[in-house]
Amino acid sequence: MVENAAEYAGLYTSDAGEITLEVEGDRLALVSEGSSLPLLQSAPDVFLLDDPVWGLYPLIAVRDAAGQVMEVTHGPAWYRGVAYTGPTDFPTPEAWAA
């Protein structure tokens, strides 16, 4: 069971592609490339997946100051929700170049 599952539902986009979080009864599922994977809530805004690829990292929801879920992260991947209006490109300072 996922408390307030509807708060997480929606389309999320990254440079790597799209995922959808869908409410299925009192549960939440990650849908990607035609597969639906159930999410197990391990902490507020933190979900685990029983999958060889998606299970490598937790899926973490990020909220704005008003408490609305705006984005999710999965390891190094960052997925922006449709309501996200912030920057999407973060240039690396030249001083950080090797």
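Being a predicted model, the structure only gives us computed values, none of them experimental.

1. Let's talk about the pairing of strand S3 (residues 27-32)
Relative to S3, strand S2 (residues 17-24) runs antiparallel, the two sharing five bridges. Each residue of the ladder has a partner; that of Thr20, found in S3, is Val31. Linkage of S2 to S3, two consecutive antiparallel strands, is achieved through a turn of two residues, within which Gly25 is found at a positive phi near 70 degrees. Across four bridges, the pairing between S3 and strand S4 (residues 35-43) is antiparallel. Bridge pairing links Val31 to Ser36 in S4. Where S3 hands over to S4, the hairpin turn is made up of two residues, of which Glu33 adopts a positive phi near 50 degrees.

2. Section: the environment of Thr88
Locating Thr88 in the fold gives a position in the segment after strand S8 (77-81). In this structure the C-alpha to C-alpha distance between Thr88 and Pro58, which are 30 residues apart in sequence, comes to 22 Å. With sequence-adjacent residues up to four places away left out, Thr88 is seen in contact with Trp78 and Arg80.

3. What about the packing of aromatic side chains?
Applying the stated rule across the entire model yields four aromatic pairs. Relative to Tyr79, the ring of Trp54 has its centre 6.5 Å away and its plane inclined at 40 degrees; by these criteria the two rings are tilted. Taken as a pair, Trp54 in the loop between strand S5 (46-49) and strand S6 (59-63) and Tyr79 in strand S8 lie far apart in primary sequence, 25 residues in all. Here the two residues Trp54 and Tyr79 agree in accessibility, since each one is buried. Considering the side-chain rings of Trp78 and Tyr84, the 5.4 Å spacing of their centres and the 90 degrees angle between planes classify their relative orientation as edge-to-face. What makes Tyr84 buried here is its relative accessible area of 18%. By the ring-pair criterion, three or more aromatic residues cluster together here, those being Trp78, Tyr84 and Phe90. Across from the ring centre of Trp78, 4.8 Å away, lies the NZ or CZ of Arg80, which sits over that ring.

4. Concerning the sheet that holds S8
Backbone hydrogen bonds hold the strands of a sheet together, and the pairing may be parallel or antiparallel. What the eight strands build is a closed barrel, ordered S1-S2-S3-S4-S5-S6-S7-S8; its pairing is antiparallel. Averaged over neighbouring strand pairs, the angle between their axes works out to 30 degrees when direction is ignored.

5. Focus: the side chain of Arg80
Within the secondary structure, Arg80 sits in strand S8. Apart from residues no more than four positions distant in its own chain, Arg80 is found in contact with Leu11, Tyr12, Thr13, Ser14, Asp15, Met70, Glu71 and Thr88.

6. As for unusual backbone geometry
What you tend to see is this: most non-glycine residues have negative phi, and most peptide bonds are trans. We note that Asn4 has phi near 55 degrees; this positive angle belongs to a residue other than glycine. Along the chain, Asn4 falls in the segment before strand S1 (10-14).

Cut-offs and rules
Residue numbers here run from 1 along each chain, matching the order of that chain's written sequence. Residues qualify for local features only when their pLDDT is at least 70, as the model is predicted, and side-chain atom pairs are given and counted only at 80 or more; totals for whole chains, interfaces and linings, by contrast, use all residues. Derived side-chain values reflect all non-hydrogen atoms in the structure, with water molecules and hydrogen atoms excluded from consideration. Whether two strands pair comes down to DSSP finding at least two bridges between them. Every helix listed is a DSSP run of H or I at least four residues long, and every strand listed is a run of E at least two residues long, numbered separately from the N terminus. The contact definition used throughout considers only heavy atoms, calling two residues in contact when any of these lie within 4.5 Å. Here is the rule: rings of Phe, Tyr and Trp (six-membered ring for Trp) pair when centre to centre is within 6.5 Å. Planes less than 30 degrees apart are stacked, more than 60 are edge-to-face, and the remainder are tilted. Relative accessible area decides the class of each residue, using a 1.4 Å probe on protein chains only: under 20% of the type maximum gives buried, over 50% gives exposed, and in between gives partly exposed. Here, a charge over a ring means that NZ of Lys or CZ of Arg falls within 6 Å of the ring centre while also lying within 35 degrees of the ring normal. Angles run from 0 to 180 degrees between N-to-C directions of axes, and those axes are lines fitted to C-alpha atoms, restricted for helices to the stretch in contact.

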